[in-house]
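Structural overview for review
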Amino acid sequence: MMIMRLACLVLLAFCAVGWAKTTYEGHKVVTIEKADVSVVDDLEAAGLDVWATLPSEDGSSLSIDVMLPPFTEEILHKMNLNFTTMIEDVQVRIDEEERTIKKGVQASWYDVYHNYTDIVTRLRDLAISFPAICTFIPSIGKSVENRDIPALVINTKASTIDKHFLFQSGQHAREWIAPATTLYITEQLVSRYATDDRVKRILDRMTIDVVPMVNPDGYSFSWTNTR
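Analysis parameters
- Residues numbered from 1 in each chain as written.
- Predicted model: local features only at pLDDT ≥ 70, side-chain atom pairs only at ≥ 80, totals over all residues.
- Heavy atoms only, no water.
- Helix = DSSP H or I, 4+ residues; strand = E, 2+ residues; numbered from the N terminus.
- Buried < 20%, exposed > 50% of the residue type's maximum accessible area, 1.4 Å probe, protein only.
- Areas by Shrake-Rupley, 256 points an atom, 1.4 Å probe, with all protein chains shown as cover.
- Expected span 1.5 Å × (residues − 1).
- Polar contact = N/O pair within 3.5 Å; in protein donor to acceptor, adjacent residues only side chain to side chain.
- Contact = heavy atoms within 4.5 Å.
- Pairing = 2+ DSSP bridges.
- Axes fitted to C-alpha atoms, helices over the stretch in contact; angles between N-to-C directions.
- 1 Å grid on protein atoms, 1.4 Å probe; cavity = no way out; pocket = protein on both sides within 12 Å on 5 of 7 lines; lining within 4 Å.
- Points joined across faces, edges and corners; volume = space filled by probe spheres on them.
- Core = buried A, V, L, I, M, F, W, Y, C linked by side-chain atoms within 4.5 Å.
- Phe/Tyr/Trp six-rings, centres within 6.5 Å; stacked < 30°, edge-to-face > 60°.
- Salt bridge = Lys/Arg side-chain N within 4 Å of Asp/Glu carboxyl O.

To continue, consider the overall build of the chain. If you tally the helices and strands in the chain, you get eight helices and eight strands. Looking at the chain residue by residue over its 227 residues, the buried ones come to 38%. Here the chain displays about 13,600 Å² of accessible surface, and carbon together with sulfur accounts for 55% of that area.

Between its terminal C-alpha atoms helix α4 (residues 90–103) stretches 20 Å, which fits the 20 Å expected from 14 residues at 1.5 Å a residue. Where α4 begins, the capping side chain belongs to D89, and its oxygen is found 3.0 Å from the backbone nitrogen of Q91.

What follows concerns the side chain of T207. Mapping T207 onto the fold places it in strand β8 (residues 207–211). Only 3.3 Å separates the side chain of T207 from the side chain of N155, close enough to count as a polar contact. Ignoring any residue separated from it by four or fewer positions in sequence, one finds T207 in contact with V153, I154, N155, K163, H164 and F165.

Within the open sheet, the four strands sit side by side as β2-β3-β1-β4. Their pairing is antiparallel. Each of the sheet's edge strands pairs with one partner strand only, and the pair in question is β2 (49–55) and β4 (83–87). On average, each strand axis in the sheet is inclined to that of its neighbour by 25°, with strand direction left out of account. Here six bridges tie strand β1 (residues 28–35) to strand β3 (residues 62–68), and the two strands are oriented antiparallel to one another. Bridge pairing in β3 links V29 to M67. Contacting β1, β2 and β3, helix α2 (residues 38–45) runs over the sheet at an angle of about 10° to β3. Strands β1, β2, β3 and β4 of the sheet are contacted by α4, whose axis makes an angle of about 20° with β4.

A few words now on empty space enclosed by the protein. All told, the structure shown has one cavity of 30 Å³ or more when counted by the stated rule. Considered as a void within the structure, the largest cavity measures approximately 40 Å³ in volume. Every residue along the wall of the largest cavity is listed here: W109, Y113, H114, I119, W176, P179, A180 and Y219.

Core analysis: the biggest nonpolar cluster contains 25 residues, and C134, L152, I154, L203 and I208 have the highest contact counts within it. Among the secondary structure elements, those contributing two or more residues to this core are α5 (116–129), β5 (134–137), β6 (151–154), α6 (177–192), α7 (197–203) and β8. Broken down by element, the residue count for this core peaks at six residues, all from α5. Apart from the residues lying within four places of it in its own chain, the contact partners of I208 are L152, V153, I154, F165, F167, L189 and L203.

Quick look at the packing of aromatic side chains now. In this structure the tally under the stated criterion is seven aromatic pairs. Each ring, one from W109 and one from Y110, has its centre 5.0 Å from the other, and the planes form 80°; the classification is edge-to-face. On the accessibility criterion, Y110 (22% relative accessible area) is partly exposed. Among the aromatic residues, those joined into a ring-pair cluster are Y113, W176, Y219 and W223.

Moving on to the pattern of salt bridges. Going through the model one piece at a time under the given rule, you end up with ten salt bridges. A salt bridge links D49 to R174, with the shortest nitrogen-to-oxygen separation between them at 2.6 Å. Highlighted residues: D49 in strand β2 and R174 in the loop between β7 (164–168) and α6, separated in sequence by 125 residues. The structure contains a network of salt bridges with shared partners spanning K28, E73 and E88.

Spatially, the four strands line up as an open sheet ordered β5-β6-β8-β7, and their pairing is mixed. A strand with exactly one partner marks an edge of an open sheet, and here the two such strands are β5 and β7. Going from strand to strand, the sheet's axes swing by 20° on average, the running direction of each strand aside. In this sheet, β8 lies alongside β7 in parallel orientation, the contact comprising five bridges. Paired with F165 across the bridge in β8 is I208. In the packing of α5 onto the sheet, contacts are made with β5 and β6, and the angle to β5 comes to roughly 145°.

Dropping the structure here:
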């Protein structure tokens, strides 16, 4: 019953903020230390957005990062949870990130996050830059909203064994770091193949199939609507 009341409190808080435009103004991210594993279920049942969990070294408790809409700190107090504020206002962070992306001037492509189209272009460019070992696959299938799901195949043709390693990411749409990390690792591998013996040994032993964006619909939604 208490969880239901807390969930209603979250709903009222969202209504107070307004539904006309998605905004995270006044939303905080807090860290709950030494929490029982069951606390995650309680927080989600109350309608709160759990960002991350990290088990303690002995596995007896969790550190939990959770986003709190305005006026919902009372939920944690009612659950007798102690917490510290990690992000004071999520919307401020979002605005800062968007300003950086819009500037469009970076020392490295990886200095900012990129949208779906940019990621597809980057994948294609890797195949153009390293044609001897890379093949760009424009689409291994279509998403629900008819977007292509691209892939890159890394094959040095040195191995006589048909062994494949699947490297995929982007299942969770709002985790922008995942496709960026996949692309970065892929680029490091193909760019170092000719000069790094360790990389050469890895790539010569198998074919690596890279699919950095398995959920293009959700990823695109997180750019245009809400993350």
